[in-house]
Amino acid sequence: QVQVVESGGGLVQAGGSLRLSCTVSGLTFDDYDMGWFRQAPGKEREKVSCINWSSSNTYYADSVKGRFTISRDNAKNTLYLQMDSLKPEDTAMYYCAAAKIYGSCRYYGATAYNYWGQGTQVTVSS
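Residues numbered from 1 in each chain as written. Predicted model: local features only at pLDDT ≥ 70, side-chain atom pairs only at ≥ 80, totals over all residues. Heavy atoms only, no water.

Student: Explain the pattern of salt bridges here, please?
Tutor: When their charged atoms lie close together, side chains carrying opposite charge are able to pair. If you walk through the whole model with that rule in mind, you get four salt bridges. In this structure, the salt-bridge partner of Arg38 is Asp90, at a minimum N-O distance of 2.9 Å. Here Arg38, found in strand β4 (residues 33–39), pairs with Asp90, found in the loop between β8 (78–83) and β9 (92–99); they are 52 residues apart in sequence, far enough to count as distant. Here Arg38 and Asp90 have matching classes, each one buried. (Salt bridge = Lys/Arg side-chain N within 4 Å of Asp/Glu carboxyl O. Helix = DSSP H or I, 4+ residues; strand = E, 2+ residues; numbered from the N terminus. Buried < 20%, exposed > 50% of the residue type's maximum accessible area, 1.4 Å probe, protein only.)

What follows is the structure, encoded as structure tokens:
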């Protein structure tokens, strides 16, 4: 059974940092591209970042570029999102997802992702 479990969310002041983690079990982790998505109340789900199996390709939404860093440790079946210089507009539920796709993950949206976690809440106060 595939399990995708996020952790690391919380409440932080603007300008602060958080590191999200996502641990995956039940699949061959390095067969999958991984992505972070977020969704705030009343808004569409947004692709924040993604990374291919080998970490040779990454993508960031313009809204987080330069502030967030995606990484993965295939030996630990774990995906990370380091979030620095957080802004109130980063407040959202953050979801980890896995996609068995080819090509650059920048071209694929949420519908391409096969497995999803339950999410972890990030709240940034001003």
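Student: How should the packing of aromatic side chains be read in this particular structure?
Tutor: The geometry of an aromatic ring pair comes down to the distance between the two centres and the angle between the two planes. Using the criterion set out here, one finds five aromatic pairs in the structure. Look at Tyr32 and Tyr115: their rings are 6.1 Å apart centre to centre, the planes differ by 65°, and that puts the pair in the edge-to-face class. Of this pair, Tyr32 sits in the loop between β3 (18–25) and β4 while Tyr115 sits in strand β10 (residues 115–116), and the two are 83 residues apart along the sequence. Plain terms: the ring middles of Tyr95 and Trp116 are 6.5 Å apart, the flat faces sit at 70° to each other, and that makes the pair edge-to-face. With Tyr95 in strand β9 and Trp116 in strand β10, this residue pair connects regions lying 21 residues apart in the sequence. Owing to a relative accessible area of 26%, Trp116 belongs among the partly exposed residues under this scheme. One aromatic cluster is present, formed by Phe37, Tyr95, Tyr113 and Trp116 through successive ring pairs. If you follow Arg45 out to its NZ or CZ, it ends over the ring of Tyr95, 4.1 Å from the centre. Over the ring of Trp116 we find Arg45; its NZ or CZ atom is 4.9 Å from the centre of that ring. (Phe/Tyr/Trp six-rings, centres within 6.5 Å; stacked < 30°, edge-to-face > 60°. Lys NZ or Arg CZ within 6 Å of the ring centre and 35° of its normal.)

Function-wise, these values are silent; they only describe arrangement.
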